[in-house]
Each structure stands twice: as C-alpha cells, then as structure tokens.
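Summary of the model geometry
Residues per chain are reported as follows:
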Amino acid sequence: MKEPSPKAHFVRLAGVLGVAFVVFLTLKAILVPSSWDYDNWYRGDALELNASYELAYGGNDSCVACHQDTMDEFSQAKHQQLSCESCHGALADHVKDGVKIADAHMDDESRWQCLNCHEARVNKPKDFPQFDKITINEHKELDDEMLCIACHSPHDPTP
Amino acid sequence: MPEIETHDTKNLIIKERSTEPDSRREFLQHLLAGTATATVLMVFGPGVNARSKYTNPADGPEHQYAYVIDINKCIGCGNCVRACKRENSVPEDYFRTWVERYVVNADGVYVDSPKGALEGFEKLNKRFRENIKISRTVPKMCNHCHNPPCIQVCPVGATFKAPEGFVLVDEDYCMGCGYCVQACPYAARFINPVEHKSDKCTWCYHRVQKGLLPACVTVCPQKARLFGDLNDAESEVSKIFEADQWMVLKPEMHTDPTCFYIGMPREVV
Amino acid sequence: MEQLGLPGDTLVNYIFPNNAHVTWSIMIVIYPYITGLVAGAFVLSSMYHVFGVKEFKPIANFALVAAFSFGMFAAVPLLFHLGQPQRFYQIYMTPHTTSAMSIFGYVYSSYLVLLMIEIWVIYRKVFIEKANEATGRMRNFWWVLCLGITTYNPESAKFDKQFAKFLAGIGIPWACLLHGYVGFVFGSVKAVAWWATPLQPFIFLSSAIVSGVAMMFMMYSFIMWRRGRGYDYVMVKKFIITLWMAFILDYALEVLEITFVSYEQGAHWAVIKPLLLGPLYESYVLGQMGFLSLGPILVLGIASLLDIKDKALLYLGNLGSLMLVLQVLVMRFNVVVGGQLISKSERGFVDYEFEFFAKEGLLTATTIFIMPFVTYYIISRFIPIFEGKSIDTEPKRLH
C-alpha cells in the first residue's frame, strides 16, 4: 500500500469541515423563516401574529348595537366621558359570537366600584369629585352594606 | 415648505436688485415676506423639527403612534391595569402596565404600587400623610422607545420595531433568554411565567390594527391616557407634542421614548 | 428614618412590580464561570504550546483536555435557562448583529471546534496506534477518529507539531475573545448600574484566567495524589507564581472598578453603595473583596516568595487555589445576581432566595458543574493525558 502524504489527514480534516459548512448553510437556508425582513431583522409574519390576538374590550361603539336607548340617555349624563366597559367589564365577558353569554352588571362590590374612584385620596387631582369618610358618614342612617347606587344613579350620579 | 419659500424670497431679492429701482416697494414687500417666513420658522421651527424626528416620510407608513399620560388627571383607580390584564391575559404578579403612587413629604419620597394598582390604592399609611408636598399617581408601561435597547440586545430578532412605532415581541420566535428584560431601563418587560417568553405592552397592536384604541386608553375614566398619530398634525398627541411641555422617563438613558408624560413630578423615576 | 441602607431619598423599599423576580439566576452565574474555566485552562496549556514555557510541558495536554471537558458544558446552563430551549438554533440562523449576545453561538462553537482539532492533532499518534491495535467495533471507532489515515511518520509528526502550535496561537486570542465577550454581554447593559462598566470584559477575562489556573492546580494535585507517583515541584512552584501574579492583576482591576465608581460619585454610586453595604455585604465586601481575595494573595505570596518546599508548597497552593476558585464563583454571583438586585426603580432592592430543586436551581447547577469532571475522567480512560509513567518520583530540591 502506498504511504499517504504527510498532510493527508489535514486534507481530510478540511474536507470534513467543508462538508460541515455546507450542511450548516443548507440548514440555514431551510430554517430561516421565509418572511424574514433582512432590513429590520424580524420575522415578517410576526406582525400578523401580533394583530391576531382576540379582543376583549369592544369600546362604546360595540355597545350601541344592542343598547342604543341607554347610550342616548348616557350621552347626556354626568358620567358620559366614561366608557361603558370601565364599570361594566369587557365585552368578551358579555357577548360571544353575537350571543349574550353573561350579564354585564357591575360586580357585587359596586360600593368599591364607586369608592375606588371617588373616595378621597391625597394623590387625586383637587378638582376631582371625592368624598371622605365624613361625608359618607353623613349617611349614617344607612347600614354599611347599602350600595351607593341604591340612591345615586351610576350613569348620572347627582348628590 | 417654509424653507422653500425662504429660498424663493432670496432669489427674488437678488432679482429685484438687478432690475429697476421702481420696484423698491415690491422689494420691501418681499423682504418683509421673507422676514415673516423666518419669524414663522423661529417660532414653530423647533417643534416641527422635534416632531419630524418621529413622523414618517411621505412614502413611509401612514401612521406614527405616540402615547401621552397626563399625570394631573390620573386618579389611580387602576382601571387601565385591570383592562390590560383582561385584554392581554397578563399573568398574575406581572404587569404590562401598572400605576405607582408617589408621595413626596418633608422626609423624602414614598412610592408604592400594590399589585401594580390592580385593585386601586388603599388609603395611604398615616405615617406618610404628614407634611405632604406632592402626591400623584403615575401610570407606567412600555415606552415604545425610538431607540429601544431591548431590540438592540435581542440576539435573534424576536423583538422589533414595527412600522408605525410599535415595539413588539414575536412570540413564535422568542427563545426566552431574558436579555431584553435586563436591557429595559423601565422594567416594562418580563419573562411570561406561563409562556416562558418575553412579554410586554404592545400598545394593543391587535386593537389598533382594527381601528380601536388600546384597552387602557379605552377604559380610562379621566382621559389621562391618550393614544394617537403623530403623522396627523391635528391629533391630540401631536398638539401635546408640539406644545413641548412633555417629559419622558429616564431621559439620561437616551432611549427616546414615544410615551410622553405631562405634569410629571421630578421625583418620578 | 428607620429604613436604612436604601438609595437616595426613598422612605420605603420600592421595586418595580416586574422586578420582583430575578430573571438571570444560578444558571447564568455558572455559565460565565464554566466559560472562564475553559479560557483559563486553555491559556495555561498555551504557556507550553505557544510560549514554550518548559515547566508547563507535563500539564499542557492535561489543561487542553480539561479545557475541552469544561467547554463541552459551557453552554448547557444556557439551555436550562432559556424559556424556549428548542429554539436555541435561531442564534445561528438569524444572529442579530446589534446584540452583544448574538455572535456568542459562533464564537463559542468555533472555539470548541478549535479545541477539538487541537486535541485531535496532538493525539493523532495515539489514535493511530489504537486503530492499529484494536479489533472489531473499537477499531472502526479509532479508524473514523483518524479519518482513515493509519500511518504516522516523522514528516507528519513535524507537520502536526506546527499545526498544533498554530492552533494554540490563534486559540489564545479566541479564548480571550470568548471570555472577554461574556464580560461585554454584561458590561454593555446601561440599564443595570452594577454591570455597566467598560472594565467588565477585562475583569471577566482576568478572573477567568485565575479560576482556570486555580482549577487546573487543584485537579493536577488531585490526579497526582490518586496516582501516588509524586509531584513535579518545579512546576508546582511555577504554577503558584503564575496564579499569584494573575490574581494580583485580576484583583487590581476589580479594585480599580469599585474605586472608580465610588470616587466618581455618579448616578451609579447612589444605588451601588447601598447595594454593596446591604444585600451584597457578605458576598462582595467580606467574600469577594475581603477574605477570598486577601487570603489567596497572602497564602500564594508566601508560597511564591518564601523558600517553601515540597508538601508545604503543595498545601499552600491548594489552599490558595481553593479560595480563588470560590472567589471567582462568588464574583460571578455578585455580578450576575447582584446587578439585578437593584430594582430599576432606583428606590429599592430585590429579595433573592436560592432555589434548590427548581429548573434553574442549585441541584441542576451542581449536576452541570460535575459533568465536566466526569467527561474528563471518561476521556482519560481512552487517551494518556500525563505523558510518561512517572514525572518526578523524587521531589526536587528548589533553589
């Protein structure tokens, strides 16, 4: 048998590395997402993915479809700048595929619902209507469980 | 536009000089017009330029969104935090948006954000209620920076600046290394403990693409949160931007946030 | 106020809600640690292969094989850390070149390939011998490892020697790049006050060399002890002096960094000072910069400068090495976890608790850390790592 060249192993090593490199390039060609944006370096399909998430809140326009009357009334009310879902919760919890799945009343803790915004706090803007414990205590003929909305309309609250 | 006018005026001036002295009156008129243009540039120049940093060229995307938070209006009710949690299924103990309460008194600064203000704020501890100088609630979220460090450090391109100004995460591509979480100076990012991927505010990209406002903006009872298009000179955010009374968080980080704050006390970090 | 040790004007410990969890924990502590051992071991091996430091000849191949054994597991902690480890390949497919982390995949794997080729070149003679001796399946294994070349002659030996020297030569900057680069990954994050310093790559690199040399010293002592064939005390002395000097350089950089930040009295110091005097007091002030640094400087200094011989030299060397191996481990912890203890609110510190059984817990970390030693043991069953039967049965007298 002929004696191989003293560098034969080196040539073969280079061959192995060359093959590995070709395999790498092939993998790269296959595995880089086809929608890749080389200028901004991201997967183009990611935009679609990010746009595809389901909506929970529909905005006031989605309420009008069924609640035109209430909306007309509400547009004159004191709380008119609030969105319906601020107090009533997300549309997705109320309607699914055009069918009502649950009531959208305020939660049972609606006294908290009122106080969360209107209880006096030092951090709230001075011109924001807030009531401290003393004001609320003027209602002391009422028991603690009594809801604010029993007397005050939540849409158009007047003192 | 005004620059071209100035240029034209100059040309006219040169022309006038070379023609009959009769047209001195006309020359003066042009001169005055030129001065007027220059004055307009001086008054509106910086604002226009500042906005042009963010607005898109004519052939670019149609919109360039920005977010404005008016601290003077925020009451700290936490509606935004709850809506964000619901809209984006944000896991417990992590927040895409949260609200902080700042109380500055004679001794120093007190800050808290119980559960990110998911349930609003309890009455402040009596200990900190003495001698209050300033107290405000400050909503926080991803600043959708113009020069975002999180995108810079993402090793694979799984987070990116989308057209129209959104900084988004590609959930199907993120490996969850967490480098972006380290790089964000605002702690707006986290590794989602359920999905094990990077998670952050998207300005409700899915809503905006359908013509809706982000959920937090929708439910804010005080209009303390505004979202709009800087490309549209008439939008609320453009007007606020040009009035130049806004501030951004951690400007020393040079991230160029496009989430602008109005009335932010200097104690806010 | 009664709340002491908080940054600036804050009255309570306030951390941003998303900062409550430390994102990079023990896995990211041992990843730069193992990478550092690779770089350190390789540099030691190159002392002989490239710079011709004769004293280190007996351990040149040992350090190389050890570097490879550690190298095999340097990236494993990262896989355990990733939220989506099955997507790791993306770092090779779409490396985002603006990211300091993105070319890690390339730097690391090319370095591992370089190590493999160098070991292959150095041990080719052994592989050929084995291929010619063995029968059956083992013969096939060795034959493939020889790439089918089963003859060895003086010309190819000469060629291999030059090739090995060339590989070791480019291996040094490559090892430095690998580890300096790990430091850059941390040092370039402006949002983390405790990481952001341009000195970080140099600190990581010098501490890597220290930990690698110290680890080699302990492994060498252990292996020689198990073999019971005596120690090469000339080399032991050289080893100790090298380690001592490397650590003085490393410690100087670490001291420089902290001195600079504190003297500067800048924005960073406002949060770093309470961090170091608070949550990191034990591990940084007492551990990393105190006992675990001054101890080795003293112990190795005595061993280097005084006329200490034989077993006493060996014991001092091992004591110093043990402290240094711990010093670097603690330093990695102080950097990686310490940096994240400062909430980005700049008004509070995060509480960190060790986990044991979690995916990224201490059990996983310990297991990963044992693997390189197991790998080394397995490799050593197949190829001779320390040349000759006995290096120096009779302890040499020094001086």
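Note that the structure is a prediction, hence the values are computed from the model and not measured.

Turning to the overall build of chain A, a few remarks are in order. Helices and strands together make up the secondary structure of chain A, namely 6 helices and 4 strands. For chain A, the succession of helices and strands along the chain, N to C, is α-β-β-α-α-α-β-β-α-α. Taking 159 residues into account, the globule formula puts the C-alpha radius of gyration at 15 Å, and chain A, at 33 Å, lies well above it. C-alpha atoms of chain A, sized along the principal axes, occupy 115 × 40 × 30 Å. Classification of the 159 residues of chain A by burial places 26% in the buried group. Looking at chain A alone, contacts between residues at least 24 apart form 43% of all its contacts between residues at least 6 apart. Total accessible area on chain A stands at roughly 10,800 Å², and carbon and sulfur atoms take up 59% of it.

So, about the overall build of chain C. Looking only at helices and strands, one finds 13 helices and 0 strands in chain C. The N-to-C order of helical and strand elements in chain C reads α-α-α-α-α-α-α-α-α-α-α-α-α. For chain C, the C-alpha radius of gyration of 23 Å lies close to 21 Å, the compact-globule estimate for 399 residues. Viewed in the frame of its principal axes, chain C has a C-alpha envelope of about 80 × 55 × 35 Å. Put simply, chain C has 399 residues, and 59% of those count as buried. Of the contacts made within chain C by residues no fewer than 6 positions apart, 79% connect residues no fewer than 24 positions apart. Taken as a whole, chain C presents about 17,000 Å² of accessible surface, with 68% of it coming from carbon and sulfur. Distance between charge centres in chain C, computed from 28 positive and 24 negative side chains, equals 12 Å.

Moving on, we come to the interface of chain C and chain B. Across the boundary between the two partners, chain C contributes 42 residues, which contact 56 residues of chain B. With both sides pooled, the region where chain C packs onto chain B buries about 3,900 Å², and carbon together with sulfur makes up 55% of that total. A per-residue breakdown of the area chain C buries against chain B is headed by Leu11, Asn18 and Lys190 of chain C, which together make up 17% of the total. Inspection of the chain C/chain B interface yields 1 salt bridge. For Glu346 of chain C, the salt bridge goes to Lys250 of chain B, with nearest N and O atoms at 3.5 Å. Connecting chain C to chain B are 32 residue pairs in polar contact (both at pLDDT 80 or more).

Contact with chain B, which involves 46 residues of that partner, is made by 34 residues of chain A. Summed over both partners, the interface of chain B with chain A comes to about 3,400 Å²; 56% of that surface belongs to carbon and sulfur atoms. Applying the counting rule to chain B against chain A returns 3 salt bridges. Between Asp172 of chain B and Arg43 of chain A there is a salt bridge; the shortest N-O distance is 4.0 Å.

A few words now on the domain arrangement of chain A. All names here are of chain A. By the assigned domains, chain A splits into domain 1 (8-51), domain 2 (54-105) and domain 3 (107-159). Domain 2 puts 9 residues into the contact, and the matching count from domain 3 is 7 residues. Overall, the association of domain 2 and domain 3 removes approximately 680 Å² of surface from exposure, summing both partners, and the carbon and sulfur fraction of that is 47%. The largest contributions to the domain 2 side of the interface with domain 3 come from Lys78, His79 and Cys87, which together make up 55% of the buried area. For the pair domain 2 and domain 3, the number of links is 0 salt bridges. Along the contact surface separating domain 2 from domain 3 lie 3 residue pairs in polar contact (both at pLDDT 80 or more). Per-element tally for the side of domain 2 that touches domain 3: the top contributor is helix α4 (residues 84-88), with 3 residues.

Strands pair in a sheet through their backbones, by hydrogen bonds, and they do so in one of two ways: parallel or antiparallel. Residue and element names in this part refer to chain B. Taken together, the 3 strands give an open sheet; going across it, the order is β3-β2-β4, and neighbouring strands pair in antiparallel fashion. Whereas interior strands pair on both sides, the edge strands pair on one side only; in this sheet they are β3 (108-112) and β4 (132-141). Mean inter-strand twist for the sheet, computed between neighbouring axes without regard to direction, equals 20°.

This paragraph deals with the packing of aromatic side chains. Residue and element names in this part refer to chain C. Considering all chains together, one arrives at 51 aromatic pairs over all chains under this definition. Summarising the aromatic geometry, the rings of Phe333 and Phe354 are spaced 5.5 Å apart at their centres and angled 20° between planes, so their arrangement reads as stacked. Of this pair, Phe333 sits in helix α12 (residues 310-341) while Phe354 sits in the loop between α12 and α13 (362-382), placing them 21 residues apart in sequence. By relative accessible area, which is 14% here, Phe333 ends up buried. A relative accessible area of 49% means that Phe354 is categorised as partly exposed. These aromatic residues form a ring-pair network of at least three members: Phe56, Phe62, Phe217, Tyr220, Phe239, Tyr376 and Phe386. Between Arg226 and the ring centre of Trp225, over which it is positioned, the NZ or CZ distance is 5.9 Å.

This brings us to helix α8 (residues 236-243) of chain B. Residue and element names in this part refer to chain B. Residues of α8 that are buried include every one of Val237, Ser238, Ile240 and Phe241, and no others. Down the axis of α8, the smallest arc covering the buried residues is 165°, so these residues share one side. Positioned one or two residues after α8, Asp244 has a phi angle of 65°, which is positive.

All names here are of chain B. A large share of strand β1 (residues 65-70) lies buried, amounting to 6 of its 6 residues. Burial along β1 is two-sided: Tyr65, Tyr67 and Ile69 and Ala66, Val68 and Asp70, pointing in opposite directions, are all buried. Across 4 bridges, the pairing between β1 and strand β11 (residues 259-262) is parallel. By the bridge assignment for β11, Tyr67 is matched with Cys259.

This part takes up the nonpolar core. In terms of nonpolar packing, the biggest core is built from 154 residues, with Phe62 and Met216 of chain C touching the most fellow members. Here the element with the most residues in this core is helix α5 (residues 104-133) of chain C; it accounts for 16 residues. Contacts of Met216 of chain C, omitting those with residues within four sequence positions, involve Ala41, Leu44, Phe62, Ala63, Ala66, Phe70 and Phe239 of chain C. Counting 48 residues, the second largest nonpolar core, distinct from the first, contains Leu47 of chain A together with Met141, Tyr205 and Met264 of chain B.

Residues and elements named next belong to chain B. Read across the open sheet, the 4 strands follow the order β9-β1-β11-β10; overall the sheet is mixed. This sheet does not close on itself; its edge strands, each paired only once, are β9 (225-229) and β10 (246-247). Bridge count for β10 against β11 is 2 bridges, and the pairing is antiparallel. Note on β11: the bridge partner recorded for Trp246 is Ile262.

Our focus in this paragraph is the packing of helix α2 (residues 57-73) of chain C against α5 of chain C. All names here are of chain C. Closest axis-to-axis distance for the α2/α5 pair is 10 Å, and the angle between their directions is 145°. Regarding α2 and α5, the two cross each other, and that crossing is left-handed. Counting all contacts with α2, which are made through Asn61, Leu64, Val65, Ala67, Phe68, Gly71 and Met72, the residues of α5 involved are Tyr108, Leu112, Leu115, Met116, Glu118, Ile119, Ile122 and Tyr123. Here the contact of α2 with α5 is built from residues that sort into 12 nonpolar, 2 polar and 1 charged.

The next subject is the side chain of Ser206 of chain C. Residues and elements named next belong to chain C. Mapped onto the elements of the fold, Ser206 is located in helix α8 (residues 200-227). The exposure class assigned to Ser206 is buried, which follows from its relative accessible area of 7%. If sequence neighbours within four positions are ignored, Ser206 has contacts with Asp250 and Leu253.

What counts and how
- Residues numbered from 1 in each chain as written.
- Chains lettered and ligands numbered in written order.
- Predicted model: local features only at pLDDT ≥ 70, side-chain atom pairs only at ≥ 80, totals over all residues.
- Heavy atoms only, no water.
- Helix = DSSP H or I, 4+ residues; strand = E, 2+ residues; numbered from the N terminus.
- Rg over C-alpha atoms; globule rule 2.2 N^0.38 Å.
- Buried < 20%, exposed > 50% of the residue type's maximum accessible area, 1.4 Å probe, protein only.
- Contact = heavy atoms within 4.5 Å.
- Areas by Shrake-Rupley, 256 points an atom, 1.4 Å probe, with all protein chains shown as cover.
- Lys, Arg positive; Asp, Glu negative; His and termini not counted.
- Charge placed at Lys NZ, Arg CZ, Asp CG, Glu CD.
- Buried area = accessible area lost by both parts, 1.4 Å probe.
- Salt bridge = Lys/Arg side-chain N within 4 Å of Asp/Glu carboxyl O.
- Polar contact = N/O pair within 3.5 Å; in protein donor to acceptor, adjacent residues only side chain to side chain.
- Domains from an automatic or database assignment.
- Pairing = 2+ DSSP bridges.
- Axes fitted to C-alpha atoms, helices over the stretch in contact; angles between N-to-C directions.
- Phe/Tyr/Trp six-rings, centres within 6.5 Å; stacked < 30°, edge-to-face > 60°.
- Lys NZ or Arg CZ within 6 Å of the ring centre and 35° of its normal.
- Arc of directions from axis to C-beta.
- Core = buried A, V, L, I, M, F, W, Y, C linked by side-chain atoms within 4.5 Å.
- Left-handed = near helix turned anticlockwise from the far one by under 90°.
- Nonpolar A, V, L, I, M, F, W, Y, C, P; charged D, E, K, R; others polar.

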